[in-house]
Amino acid sequence: MSLLLKNRGAMLLLMLNIFLAFTGIGLVVPIMPTYMNELGIGGSVVGLLVAAFSLTQLLVSPFAGRLSDKMGRKKIIVGGLAVFAFSELLFGLANASWVLFVSRMLGGIGAAMIMPAVMAYVADTTSSEERAQGMGFINAAITTGFIIGPGIGGYLAELGIRVPFFVAAGAAAIVAVITLLVLPESRSAELREEARMMKGNKDSLIMQLMRSYREPYFFGLIIVFVLSFGLANYETVFGLFVDHKFAFTPKDIAFVLTFGSIAGAVVQITAFSWILNKFGESRVISACLLIAGLSILLTLFVHGFVAIVSVTFVVFLAMDILRPAVGTQLSKMADDSQQGLVMGMNSAYTSLGNIAGPIVAGVLFDLDINFPYAVAALVLFISFMLSVGYARRRRSKQVTAVR
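Going by an unreviewed UniProt entry, the protein chain carries the name DHA1 family multidrug resistance protein-like MFS transporter and comes from Paenibacillus silagei. The Sequence similarities (unreviewed entry) field of the UniProt record for the protein chain holds the comment "Belongs to the major facilitator superfamily. TCR/Tet family." Taken directly from UniProt, the Subcellular location (unreviewed entry) text for the protein chain runs: "Cell membrane".

1. Overview of a nonpolar patch on the surface
Together, Ile174, Val177, Ile178, Leu180, Leu181 and Val182 line one region of the surface with nonpolar side chains, adding up to about 550 Å² of accessible area. Mapped onto the elements, leucine 181 comes out in helix 7 (residues 163-182). The class for leucine 181 is exposed, based on a relative accessible area of 65%.

2. Remarks on the packing of aromatic side chains
Summed over the entire model, instances satisfying the criterion amount to two aromatic pairs. Arranged with centres 4.4 Å apart and planes meeting at 40 degrees, the rings of phenylalanine 91 and phenylalanine 165 form a pair that is tilted. Remark: phenylalanine 165 occurs in helix 7 and phenylalanine 91 occurs in helix 4 (residues 73-93); sequence separation between them is 74 residues. Taking relative accessible area as the criterion, phenylalanine 91 reaches 0% and is therefore assigned buried. Of the residues examined, phenylalanine 165 reaches a relative accessible area of 0% and is grouped as buried.

3. Focus: the layout of surface pockets
Empty space within the second largest pocket amounts to approximately 160 Å³. Lining the second largest pocket we find Ile275, Phe279, Val284, Ala287, Cys288, Ile291, Val314, Leu317, Ala318 and Ile321. Mapped by element, the contributors of at least two residues to the lining of the second largest pocket are helix 13 (272-279), helix 14 (281-298) and helix 15 (305-333). The residue makeup of the lining of the second largest pocket, split by class, is ten nonpolar, no polar and no charged.

4. Considerations on the packing of helix 4 against helix 5 (residues 97-125)
Orientation of helix 4 relative to helix 5, taken along the N-to-C sense of each, is 155 degrees, at an axis distance of 8 Å. By the angle between their directions, the pair helix 4 and helix 5 is classed as roughly antiparallel. Considering only the axes of helix 4 and helix 5, their crossing is left-handed. Here the contact of helix 4 with helix 5 is composed, by residue class, of 19 nonpolar, six polar and four charged.

Definitions and cut-offs
- Here, residues in each chain are numbered from 1, in the same order as that chain's written sequence.
- Owing to the predicted nature of the model, reporting of local features is limited to residues with pLDDT of at least 70; listing and counting of side-chain atom pairs is limited to 80 or more, with chain, interface and lining totals taken over all residues.
- Each side-chain value is derived from all of the structure's non-hydrogen atoms; neither hydrogens nor water enter the calculation.
- UniProt positions are given in the numbering used here, feature names are shortened, and annotations may be inferred rather than shown by experiment.
- Patches draw on residues past 30% relative accessible area with no salt bridge. Two like charges within 9 Å are joined, as are two nonpolar side chains (Val, Leu, Ile, Met, Phe, Trp, Tyr) within 5 Å.
- Residue burial considers only the protein chains on display, and all accessible areas are found by Shrake-Rupley using a 1.4 Å probe.
- A pair is scored as a salt bridge if a Lys or Arg side-chain nitrogen falls within 4 Å of a carboxyl oxygen belonging to Asp or Glu.
- Helix and strand assignments come from DSSP, with helices taken as H or I runs of at least 4 residues and strands as E runs of at least 2, each series counted from the N terminus.
- Here's how the labels work: a residue is buried when its accessible area is under 20% of the maximum for its type, exposed when over 50%, partly exposed in between, all with a 1.4 Å probe on protein chains only.
- The pairing test for Phe, Tyr and Trp rings, Trp by its six-membered ring, is centres within 6.5 Å, and the orientation test on the planes gives stacked under 30 degrees, edge-to-face over 60, and tilted for anything in between.
- Two kinds of site are reported from a 1 Å grid over the protein atoms alone, namely cavities, where a 1.4 Å probe fits but cannot get out, and pockets, open sets with protein on both sides within 12 Å along at least five of seven lines, and residues are called lining when an atom falls within 4 Å of a point.
- Grid points are joined across faces, edges and corners, and a volume is the space filled by probe spheres set on the points.
- Following the grouping adopted for this structure description, the nonpolar residues are Ala, Val, Leu, Ile, Met, Phe, Trp, Tyr, Cys and Pro, the charged ones are Asp, Glu, Lys and Arg, and the polar ones are all others, Gly among them.
- In this analysis, axes come from line fits to C-alpha atoms, helices being fitted only over the stretch in contact, and the angle between any two N-to-C directions falls in the range 0 to 180 degrees.
- Should an angle lie under 35 degrees it is considered roughly parallel, over 145 roughly antiparallel, and from 65 to 115 roughly perpendicular; all remaining angles are considered oblique.
- Rotating anticlockwise by less than a right angle from the far helix to the near helix defines a left-handed crossing, while the corresponding clockwise rotation defines a right-handed one.

Written out as structure tokens, the structure reads:
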């Protein structure tokens with residue numbers, strides 16, 4: 001609790017910021033079947049629409065991460081909230097598919113500014129002992145926003161199909177003002193000047209991505225990609241899957257996703273630090289990949305509302321633990337002067353997964369409604385095997401170094 005109230009409640013405010021950004025990604029999920037009917041679009045276009053958000057997030061995230069190193073975290077967070085608020089307002093006013101694409105791309109820019117700056121802020125203000133707990137709090141907000149977004153969208157859509165986006169726009173604008181007035185800057189003037197002088201921070205996005213394979217945290221970035229790919233794949237077609245297969249209503253979809261989200265967030269806030277300290281990042285990452293893959297595969301075979309709720313709960317719980325475990329590992333590997341840069345790469349790889357997942361899911365869904373989950377499960381199983389091998393190599397190197 002002390003960490004949540006530290007620095008005038010900065011952690012609580014950061015959690016609210018990141019929650020809003022990722023809620024915006026998921027708002028469209030239960031509403032898209034209605035948009036598909038109104039605008040005459042198919043599953044492939046739905047996948048592209050979701051991926052448009054992540055495309056701009058990918059392009060802007062590393063730049064925004066570097067900028068937060070140079071200018072400070074607060075300015076970037078507030079700017080991102082303002083862009084995000086406008087994008088939600090535009091989505092609510094849209095009456096053509098191309099306007100929806102513009103809105104989602106602007107939303108991606110806002111999220112790209114918010115996510116790395118918030119995560120770097122946490123790294124700036126927590127000790128190594130507090131880092132896992134701090135990342136657990138932030139990632140609880142990320143995953144909750146990403147998963148509960150469809151739930152909020154489904155319930156608010158009962159008042160009108162465009163109401164969720166007007167509500168999100170107003171909430172983001174209010175939080176931007178509160179953040180501007182309340183949040184203290186975490187980045188000292190000396191570190192900002194040091195970041196401006198670093199040559200590595202001037203590399204382009206392409207160069208950073210190409211060079212990332214040489215970094216010690218590269219495997220963590222791969223897991224970030226797989227996590228985002230699997231969750232985006234699962235969530236993008238979830239509404240369409242249960243609508244076509246089980247005739248779920250928007251309210252049914254909202255309940256399933258909201259239940260899984262809340263349960264996962266509770267685990268992140270209450271038990272994540274203990275889990276990570278007890279078993280270590282590597283074991284937790286491997287176990288979550290395996291459990292998530294098995295649960296997604298089970299989605300193809302279960303029937304009935306209770307079974308769908310149960311399987312979805314396990315999927316989201318595994319993802320909720322996996323995301324902060326990887327984030328904590330990355331933050332520990334990064335130098336203090338490059339927290340923003342590394343968190344920007346974290347956001348970029350998240351975006352790559354969020355781009356690939358919806359596109360692949362949309363195309364596969366048009367071929368067969370079961371294909372998206374089969375592919376997502378396969379990717380997670382492969383990643384599990386790779387993570388086990390990576391953990392063994394790390395332990396072997398550590399033993400050799402001690403000798």
